[in-house]
Every structure is written in C-alpha cells, then in structure tokens.
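Reading the structure
Chain by chain, the residues:
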Amino acid sequence: MKIFIAQQNYHIGNFDKNVDKIINAIEVAKQANAELIVFSEMSICGYPSKDFLDFRDFIDKCFESIEKIKKVADTIGVIVGAPDRNPVKEGKDLFNAAFFIYQNEVKSIAHKTCLPTYDVFDENRYFEPAFTWNVIEFKQKRIALTVCEDIWNLGDNPLYRICPMDILMEQHPDVMINISASPFDYTHADDRRATIKANVLKYKIPLIYCNAVGSQTEIIFDGVSLCFDKNANLCHELSQFNEEIKEVILLDDGTFETSIIRAADEVVDFLSEPERFMPELNISQVYDAIILGIKDYFSKMGFTKAIIGSSGGIDSAVTIGLACEALGKENVRAILMPSEFSTSHSVSDAEQLSKNLGNPYDIIPIKKIFDSFIEELHPVFKDLPFDIAEENIQSRTRGNLLMAIANKFGYILLNTSNKSELATGYGTLYGDMAGGIGVLGDCYKLQVYELAMYINRKNEIIPQNIITKAPSAELRPNQKDTDSLPPYEILDEILYQYIERVQGPQEIKAMGFDAQLVDRILKMVNRNEYKRNQFCPIIRISPKAFGSGRRMPIVGNYLD
C-alpha cells in the first residue's frame, strides 16, 4: 500500500489556510497514485485550540472544513484530525478524533481514549474519552487508528486505565496508524522513537506515526514522523522542525519497501531526564526549536520586525543572534541604552555584535531620564540611600523606551530573560521582564552560553568578550550577578533538580549541595511566582517550562 505522511505546520483557527494546505497535499498524493494520506492530530483546526473549542461556531467551521476535504477524498483514503461532537448527553461535548474519509464520505471516526492532563496538556477540560474501538477495513488492510497519547500508555505504571491498542488487537489489525501533536523538548525525540518501538514490539505489527510540526505560541512541535516495520526496525524518519510530505510503501508482510534506517537494537530505549544538568545536551536542537518558535510567532501573529534591548551582555547578544537568523538581520533593531553605570566595553561589545550581524541599532543614553526621575521623586525618597528602587527605575526606563519604539514602528519586543533569572526573581517587572515572547525563558544561564558558542560555531558573531566577561545587570557601581546569586554552575544544577526533576530540598541536599544555599534558592523560586505569573509566553524547549506546564500558587507558603 502506497501511503503519504503529511507532516505540516498548521495555524490555530485559520481554517482556510489549513484546509488549503491539506487539500494541496492530497492532490500531490493522488498524482502519485497513493492509496492513503495521513495528517496529524487536530490538523483541521490546529493544536492546541484551547477554549476556542467552547465556541459552537469554531466547531461548525471544523465540520465545514471536513466537507471541503471530502470532495477531494475520492480515489484516496484521507486521515485527518479534528474535534467530533459527542451525541451522548452525559460527559463532555467533544471528542478529540481522527476522521477516515474515502469515496467522498466519512467512513469511520476514531476517538482519542487517553486524554493527557499534565504539563502543557489540558484535554480533560474539553474532551470525552472514547468508549468504542474498531479497526478500519481499507484496501485489504485492517487499520488500528489511534490519536497521540493512545500509544503512550505503556510500562509498569500506566497513567490510564484503558489501553486502546489492547482492545483493537482483538480485531486483528494489520497496521497501526497514530496521528499526533507531540511537543518538542530537548529529551523527547529518543523517548518518542522508543515509545513507538515498544508498541511494535508488543503488538508485532508495523506502525505509521504522523506528528505535527510548527510553533503554537510557546509550544514547539518538531515533526520527526516515523515508520517502524513489524520487526521494530526504523524504516522512515521525517525531518525535524520542517514540513515534509513523505511517500512510504507498506508491504503485505508488514515491512516497508525501503532500506532500514536503524535496526531495532539500534533504536534507543526509554530515557528520562538526565539525573544531572547537562547544558550542552542537544543544543543544536534547542537552537533550531527557538528559531522556529520566533519565526512562527511572528508569521502567525502578522508581525515582521523585532526590537531588542542590547546591553552588551550574553542574554541580549544570544537573543539578537537568534532573532537575526529567524527574521532576517534587517528586521531586528537593537537599542543600546547605557547608563552612568554601564561600562564602556558593554557599549562597544553591543555595537560590535550588531556590526557582525549587520542589524540596525541605535544608542539612547538613559542618564538624563534617570536623573529626572530621581529629581521628581526626591520629595518622596528624601535622602534615603540608593537601593533596588533606583536600580529598577533604570530597568523600567529601558522598558518604556523599548515599548515606545515598538508602538511607534510596529515592532514586537523580544524578551531576553533566561530561566535562571526567572526562577530566582532576578528581574524587574515592567522593565527587563517586558516583552511579547520570551526567547530564552526556558534556557538556564549555562545553556545560554552553550547557545552562544553554537552561534559562533563557524565564525565569531558574538564577540568573545561578551562570552568571557562576568555577567552583570550594571544597575549600580561594579555590580555582578554573583552579588545576588550563587555561581551559575551551582545555581543551575539546583534549579534543574527542583524544577525539571521535581526533587525536594532533602533530596537536593543529599547530592552534596550546601543546605543553607538549597533552602535559600528554593525559597527564591517559590517567592517569585508572582513575577513569572505576569511574564510573557516563553518558548518551551525543556521538559518543564515556566508557564502553562508548571502551575504553582502565588500565595503558597511551601518552602518559604
């Protein structure tokens, strides 16, 4: 059977564009005499559609889209993802569904059984789990059609009570097809391959897996659609972070008409997050994911130009480098805003960075603005000593200038805060925490340095002095990050254990870290939830990002 896998980038709620993309792929497959084409989870409306799913009009447009697709699904079978209405009064009103369309009609609908409600997923909010399971008979093949999480309920501690493939196997299918919207993180690609391999080893039939690609605000879908033969050999693997339509030929013996990419024993088994922080881990994938995140955020929002505060520090330098790659150097405007506390090399380093990249930049000193604030506030501040209030005035002045230029010229402000800073509250609300999207908000400081070195892998783009000098906010004389925070080599490891690995204080202390330091850092993390709650969306690259995937109470008193 000749099958096409359509790994595509959809735009949530953009039904016309999504349907055109789907129909164009169907036409390509038909011209190649394909018998079946497979699209990803919720391909009709985009995933995750969130509370759009509550609108009757939104669901009506999904069904109108399916009607358009039915008209071209004549000589070819088409599998697409979309919400389906639940005819039963009890339970949620919708299913997360895979529609099988052939001969201009919907022949079968498979409903998702395992509804993830953890991390960035919230499917129990919208969907009812399946209560019927049936194979689809097509061209002398019996297809077990499932949706994303339905093939992840494996292992000794399954998350769900029902495993749909166990039920479908009673009907003797010949092939498994899974349509998915599985997000990227820097540990996930190997786990995904291992999960599909584990299904094949368990059920002894081939599996075709179609994953979404593209960024939806903070969530990155990386594609890497896969085909495993009945012997658990990896036979096809589509590209990462790119759209691709791939032809595969499934033979009657459960193998594919192709060379094996990786034999079963070469496919990595399940991996958990590393026990210790590895900032260099899959840094090229992190780089590509952030580039895609920036590109799609701008294109899907209808913006083309970015503005960034350029301090001469590592975070802004890496952000500018990433933005120039994603948007084009001419579309990234850097604003240098030195104060009386800025070192001369900070300005020269920032200038050299923009000269290396070729992006436009402006220099707007903030001393006069800062002095006017201090003068106007003197009747209130009186002669109280210089402290964090004056530091934050500088940061908020810069935020105001950046937003003023953004408003005037239609830019989006890219935020440069990293995960180490956001975790500990080392940032100023309405100042350096302003922005439309957080580019580095899921990258610890040490990962930012790794990204800098990756950007410089061929030639020096980020000046070496930016990479080697001690990081500083430069909001008071001779300030260093280490005045307020422990060294990042220690801080990032402790944060990683607490945030990604969900280790408690005693477990972290048992790893050899100073007890008082651990208590201090965890207290900082929990006390600064209110700041993160007001932060912009963050491009997610880790297994546990701040935002929708990590939900903590603001007024809690745990470890405080």
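The rules behind each value
- Residues numbered from 1 in each chain as written.
- Predicted model: local features only at pLDDT ≥ 70, side-chain atom pairs only at ≥ 80, totals over all residues.
- Heavy atoms only, no water.
- Helix = DSSP H or I, 4+ residues; strand = E, 2+ residues; numbered from the N terminus.
- Rg over C-alpha atoms; globule rule 2.2 N^0.38 Å.
- Buried < 20%, exposed > 50% of the residue type's maximum accessible area, 1.4 Å probe, protein only.
- Phe/Tyr/Trp six-rings, centres within 6.5 Å; stacked < 30°, edge-to-face > 60°.
- Salt bridge = Lys/Arg side-chain N within 4 Å of Asp/Glu carboxyl O.
- UniProt positions renumbered as here; feature names shortened; annotations may be inferred.
- Contact = heavy atoms within 4.5 Å.
- Patch = residues over 30% accessible without salt bridge, like charges linked within 9 Å, V, L, I, M, F, W, Y side chains within 5 Å.
- Areas by Shrake-Rupley, 256 points an atom, 1.4 Å probe, with all protein chains shown as cover.
- Pairing = 2+ DSSP bridges.
- Polar contact = N/O pair within 3.5 Å; in protein donor to acceptor, adjacent residues only side chain to side chain.
- Core = buried A, V, L, I, M, F, W, Y, C linked by side-chain atoms within 4.5 Å.
- Axes fitted to C-alpha atoms, helices over the stretch in contact; angles between N-to-C directions.

**Things to note about the overall build of the protein**
A tally of regular secondary structure across the protein gives 16 helices and 19 strands. The globule rule puts the C-alpha radius of gyration for 560 residues at 24 Å, and the 26 Å found for the protein is close to it. With respect to the principal axes defined by its C-alpha atoms, the protein has extents near 85 × 50 × 50 Å. Counting every position in the protein, which comprises 560 residues, the buried fraction comes to 59%.

**Topic: the packing of aromatic side chains**
This structure, assessed with the given rule, holds 16 aromatic pairs. Aromatic pair F15 and F58: ring centres 5.1 Å apart, planes at 65 degrees, arrangement edge-to-face. Of this pair, F15 sits in helix 1 (residues 15-31) while F58 sits in helix 2 (residues 56-72), placing them 43 residues apart in sequence. Like F15, the residue F58 is buried in the burial classification. A centroid spacing of 5.3 Å and a plane angle of 70 degrees characterise the contact between F184 and F241, whose relative ring orientation is edge-to-face.

**Observations regarding unusual backbone geometry**
A cis amide bond links Y47 with the next residue in sequence, P48, at an omega value of 0 degrees. Residue position: P48 is located in the loop between strand 2 (36-38) and helix 2. Of note in this structure, Q103 is not a glycine but carries a positive phi near 55 degrees. With respect to the helices and strands, Q103 occurs in the loop between strand 4 (94-102) and strand 5 (105-111).

**What to know about the pattern of salt bridges**
A side chain of one charge can pair with a side chain of the opposite charge if their charged atoms are brought near each other. If you walk through the whole model with that rule in mind, you get 33 salt bridges. Between K202 and D166 there is a salt bridge; the shortest N-O distance is 3.2 Å. With K202 in helix 4 (residues 188-203) and D166 in helix 3 (residues 164-168), this residue pair connects regions lying 36 residues apart in the sequence. K202 gets classed as partly exposed once you look at its relative accessible area, which sits at 44%. When the shortest N-O distance is used, the salt bridge between K419 and E500 registers 2.5 Å. With K419 in helix 10 (residues 419-424) and E500 in the loop between helix 13 (488-499) and helix 14 (505-509), this residue pair connects regions lying 81 residues apart in the sequence. Both residues of the pair, K419 and E500, count as buried. Among the charged side chains, a network of salt bridges with common partners joins E41, K112 and E123.

**A word on the UniProt feature "active site" (unreviewed entry) in the protein**
The UniProt entry lists E41, K112 and C148 under the feature "active site" (unreviewed entry), expressed in the numbering used here. A maximum C-alpha distance of 10.0 Å is found for the annotated residues, which run over 108 residues; spatially they form one tight group. Here E41 shows up in the loop between strand 2 and helix 2. For E41, a relative accessible area of 2% translates into the label buried. Setting aside its immediate chain neighbours within four residues, E41 contacts Y47, G81, N96, K112, E123, V147, C148, I179, S180 and A181.

**Some remarks on the side chain of Q497**
With respect to the helices, strands and loops of the structure, Q497 is situated in helix 13. Given the relative accessible area of 0%, Q497 is considered buried.

**Looking at a nonpolar patch on the surface**
A contiguous nonpolar surface patch, about 320 Å² in accessible area, is contributed by Y530, I554 and V555. For Y530, the position within the fold is in helix 16 (residues 529-533). Given a relative accessible area of 38%, Y530 falls into the partly exposed group.

**Brief notes about the environment of F95**
Here F95 lies in strand 4. Sequence-wise, F95 and K531 are 436 residues apart; in three dimensions their C-alpha atoms are separated by 36 Å.

**Overview of the pairing of strand 13 (residues 234-237)**
Bridge count between strand 12 (residues 226-228) and strand 13: 3 bridges; the pairing is antiparallel. Paired with L226 across the two strands is E237, which belongs to strand 13. In this antiparallel pair of consecutive strands, strand 12 and strand 13, the connection spans 5 residues, and A232 shows a positive phi of 70 degrees.

**A short note on the UniProt feature "binding site: deamido-NAD(+)" (unreviewed entry) in the protein**
The UniProt record annotates "binding site: deamido-NAD(+)" (unreviewed entry) at N392, E421 and K531. When near neighbours in sequence (up to four residues on either side) are disregarded, E421 contacts D315, Y426 and K445. Position of K531 among the secondary structure elements: in helix 16. The buried category is assigned to K531, whose relative accessible area is 12%. Those residues in contact with K531, other than ones at most four positions away along the chain, are G425, G427, L429 and M433. A polar atom in the side chain of K531 sits 2.8 Å from the backbone oxygen of G425.

**Some points on the nonpolar core**
Counting residues in hydrophobic clusters, the biggest one holds 76 residues, and the most contacted among them are I290, V318 and L322. Sort the elements by how many residues they give to this core and helix 5 (residues 283-301) lands first, with 10 residues. With sequence-adjacent residues up to four places away left out, L322 is seen in contact with Y287, I290, I291, I294, V439, L440 and I455. In this structure, A6, V19, V78 and I101 belong to the second largest nonpolar core, which totals 42 residues.

**Considerations on the sheet that holds strand 16 (residues 332-336)**
Pairing between sheet strands relies on hydrogen bonds along the backbone, with the strands arranged either parallel or antiparallel. A sheet is described by the order of its strands in space; here 5 strands give the open sequence 17-16-15-18-19, paired in parallel fashion. In the strand order of this sheet, the two ends are held by strand 17 (361-363) and strand 19 (437-438), each with one partner. Note: strand 15 (residues 306-309) against strand 18 (residues 412-415), 2 bridges, orientation parallel. In the sheet register, A306 faces strand 18, and the bridge partner there is I412. Taken strand by strand, helix 7 (residues 344-357) contacts strand 16 and strand 17, and its axis lies near 160 degrees from that of strand 17.

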